[in-house]
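# Observations on chain architecture
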Amino acid sequence: MPRVSSLASVPKAANPHFFIQKVIHSDGSSFSMRVTTPKALLKLTKDTRNHILWNPSSNTIDEKSVDLAKFASRFGDLSTFDDLAMDESAAAAPKKKVVAAAAPPPAAAGGKKKK
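In this text the structure is predicted, and so the values were computed from the model without any measurement. (Residues numbered from 1 in each chain as written. Predicted model: local features only at pLDDT ≥ 70, side-chain atom pairs only at ≥ 80, totals over all residues. Heavy atoms only, no water.)

## What about the overall build of the protein?
- Counting its secondary structure elements, the protein contains 2 helices and 3 strands.
- Secondary structure elements in the protein, listed N-terminal to C-terminal, are β-β-β-α-α.
- Counting over 115 residues, the protein shows a buried share of 4%.
- Residue pairs in contact within the protein that sit at least 24 positions apart in sequence constitute 3% of those at least 6 positions apart.
- Total accessible area computed for the protein in this model is approximately 11600 Å², and 61% of it derives from carbon and sulfur atoms. (Helix = DSSP H or I, 4+ residues; strand = E, 2+ residues; numbered from the N terminus. Buried < 20%, exposed > 50% of the residue type's maximum accessible area, 1.4 Å probe, protein only. Contact = heavy atoms within 4.5 Å. Areas by Shrake-Rupley, 256 points an atom, 1.4 Å probe, with all protein chains shown as cover.)

## Side note on the sheet that holds strand E2 (residues 30–35)
- Taken together, 3 strands build an open sheet; the order of strands is E2-E1-E3 and the sheet is mixed. Among the strands making up the open sheet, the edge pair consists of E2 and strand E3 (41–43). Direction aside, neighbouring strands of the sheet carry axes that sit 25 degrees apart on average.
- Examined bridge by bridge, strand E1 (residues 19–24) and E2 share 6 bridges and lie antiparallel to one another. Counted as the bridge partner of Ile-24 is Ser-30 from E2. (Pairing = 2+ DSSP bridges. Axes fitted to C-alpha atoms, helices over the stretch in contact; angles between N-to-C directions.)

## Re the packing of aromatic side chains
- Under the definition given, this model contains 0 aromatic pairs.
- Geometry around Phe-18 places Arg-34 over its ring, the cationic atom sitting 4.4 Å from the centre. (Phe/Tyr/Trp six-rings, centres within 6.5 Å; stacked < 30°, edge-to-face > 60°. Lys NZ or Arg CZ within 6 Å of the ring centre and 35° of its normal.)

## Here we look at the pairing of E1
- From the end of E1 to the start of E2, which pair antiparallel, there are 5 residues, and Gly-28 there has a positive phi angle of about 100 degrees.
- Examined bridge by bridge, E1 and E3 share 3 bridges and lie parallel to one another. Across the sheet, the residue bridging to Val-23 is Leu-42, located in E3.

## Some remarks on the environment of Ile-24
- Within the fold, Ile-24 resides in strand E1.
- Between the C-alpha atom of Ile-24 and that of Leu-42, which follows or precedes it by 18 residues, the distance is 6.2 Å.
- Residues in contact with Ile-24, not counting those within four places in the same chain, are Ser-29, Ser-30, Leu-41, Leu-42, Lys-43 and Leu-44.

Set out below in structure tokens:
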């Protein structure tokens with residue numbers, strides 16, 4: 001009896017039918033490519049030319065400006081800090097040294113012991 005390999009039952013690899021697809025970028029540039037889907041035209045709205053992650057320098061809204069806008073809406077306009085400026089006399093006054101309070105003495109022996 002002839003020996004039949006398991007590969008004999010596998011069909012030959014079929015080449016899929018290719019279509020020509022035109023891809024148009026957001027800036028109007030285009031190129032053609034071979035694809036297996038029958039869609040003839042693909043218009044991209046987001047691509048490497050206008051996406052924030054690919055072009056971080058073109059990002060007009062950054063995290064800092066959003067945070068500053070939130071701060072301004074919450075606390076109002078704080079552009080004038082004249083009333084917060086220190087006088088020269090207050091800046092020249094000697095600063096007092098703050099001494100930390102002494103720690104309380106340890107608990108007396110003879111209390112309940114933790115196991």
